[in-house]
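As a plain string of letters, each chain reads:
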Amino acid sequence: METTRCGVIAVVGRPNVGKSTLMNALVREHLSITSSKPQTTRHRVLGVITETVKNTPTQFIFVDTPGFQTKHSNALNKTMNRAVMTALADVHAVLWVVEQGKLTSADTRVLELCPQHVPLIAVVNKVDMLKDKGLVLPFLQKVADLRSFAAVVPLSAESALNLDALKEALSTTLPEQAFYYDEDMLTDRPEKFLAAERIREKLFRLVGDELPYTCTVVIDRFVIEEGRRMIHASILVDRASHKAMIIGKGGEKLKRIASEARQDMERLFDGSVHLETWVKVRGGWADNASVLQTLGYD
Ligand SMILES: Nc1nc2c(ncn2[C@@H]2O[C@H](COP(=O)(O)OP(=O)(O)OP(=O)(O)O)[C@@H](O)[C@H]2O)c(=O)[nH]1
């Protein structure tokens, strides 16, 4: 039988270093949502890609994780931190992502959580931002000195620069074993989840920095009628003032959020989508563990 490699890889790092952008670039699909606001990622999302690397068919199963939180300690953040720890407990390799030129105590704290017995690769992201590429070398050395890494790989997730080098380094750390999933599998998440995430991404991107990170999206209805996905979604916010912020003047903002989210969904699902969205006020949900469970934060 032909040799194959397959493994689960956790993508960890402090908020905003580009973990979700990296996973999307690696699987070449916009699966995990991204924005310039820290804490965009709240759930574990699997991204799967199967391809031949160094003549060996290899299945990479990436687990994108929320950025590890050290600043706030509400129930939502505790749940997110637990998701990071769970992701790390049972993997074949770990990608620890940092931003070029910036090594903070939050980065090293995440590094300390990475298990010693699992191959660890340091990814130095956002190298496209460097005008003088020579500057990256001392930074790579600084990172390499922190621990015995299987590799230290500089790249740009956004510009898809040096991703092949990462896949090559990563593939050799994965065990020789049969694939876990079909070769065309992309994610373990259902369409309903991906739909809610698309809306949440637009919220993060289109509503200004004043948008409280506690707002969330719930899909109330998701049915397929004559090949068309009919989706009803509620955006849950803490206060009436947040609701006004999202709806915008004359409803313009909400219209744009829904329209851009619908277009993304049509691309992702490869089919027509009818989307209706409402904004509802539900106070204090980010601090309420049982509400979090109802909303699917596992
Ligand atoms: N210039 C540049 N920006 C990047 C790159 N990768 C990611 N970014 C930007 O960095 C920001 C954060 O990216 P995300 O992928 O959401 O980061 P994350 O680590 O998943 O963030 P959390 O969800 O907070 O944990 C976004 O504005 C991205 O566009 C890169 O290679 N180059």
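The protein chain goes by GTPase Era in an unreviewed UniProt entry, where it is assigned to Limnobacter humi. Looking at the Sequence similarities (unreviewed entry) heading of the UniProt record, one finds this comment for the protein chain: "Belongs to the TRAFAC class TrmE-Era-EngA-EngB-Septin-like GTPase superfamily. Era GTPase family." The Subunit (unreviewed entry) comment attached to the protein chain in UniProt states, word for word, "Monomer."

Undergrad: Quick rundown of the confidence of the model for the protein chain? Include the residues and the values.
TA: This prediction gives the protein chain a mean pLDDT of 84; 80% of its residues lie at or above 70. For the protein chain, helix α9 (residues 289–294) is the element with the lowest average pLDDT, namely 58, and strand β5 (residues 120–125) is the one with the highest, namely 97.

Undergrad: Tell me about the pairing of strand β3 (residues 56–64), residues and numbers included.
TA: Counting buried residues in β3 gives 9 out of 9 residues, a clear majority hidden from the surface. Side chains Thr56, Thr58, Phe60, Phe62 and Asp64 of β3 all project onto a buried face; the interleaved residues Pro57, Gln59, Ile61 and Val63 project onto the opposite face, where all are buried too. By the bridge criterion, 7 bridges tie strand β1 (residues 5–12) to β3 in an arrangement that is parallel. Looking at the pairing, Ile9 lines up with Phe62 of β3. With 9 bridges connecting them, strand β2 (residues 45–53) and β3 associate as antiparallel partners. Each residue of the ladder has a partner; that of Val48, found in β3, is Ile61.

Undergrad: Residue-level account of the pattern of salt bridges, with values.
TA: This structure, assessed with the given rule, holds 19 salt bridges. Residues Arg221 and Glu225 are paired through a salt bridge, measuring 3.2 Å at the closest nitrogen-oxygen approach. Between Arg256 and Glu260 there is a salt bridge, and its shortest N-O distance comes to 3.0 Å. Taken as a pair, Arg256 and Glu260 lie in helix α8 (residues 252–269) at a separation of 4 residues, close to a single helical turn. A single network of salt bridges, built from pairs that share partners, joins Arg198, Glu201, Lys202, Arg205, Asp264 and Arg267.

Thresholds, definitions, all that
Residues numbered from 1 in each chain as written. Predicted model: local features only at pLDDT ≥ 70, side-chain atom pairs only at ≥ 80, totals over all residues. Heavy atoms only, no water. UniProt positions renumbered as here; feature names shortened; annotations may be inferred. pLDDT = per-residue confidence, 0-100. Helix = DSSP H or I, 4+ residues; strand = E, 2+ residues; numbered from the N terminus. Buried < 20%, exposed > 50% of the residue type's maximum accessible area, 1.4 Å probe, protein only. Pairing = 2+ DSSP bridges. Salt bridge = Lys/Arg side-chain N within 4 Å of Asp/Glu carboxyl O.

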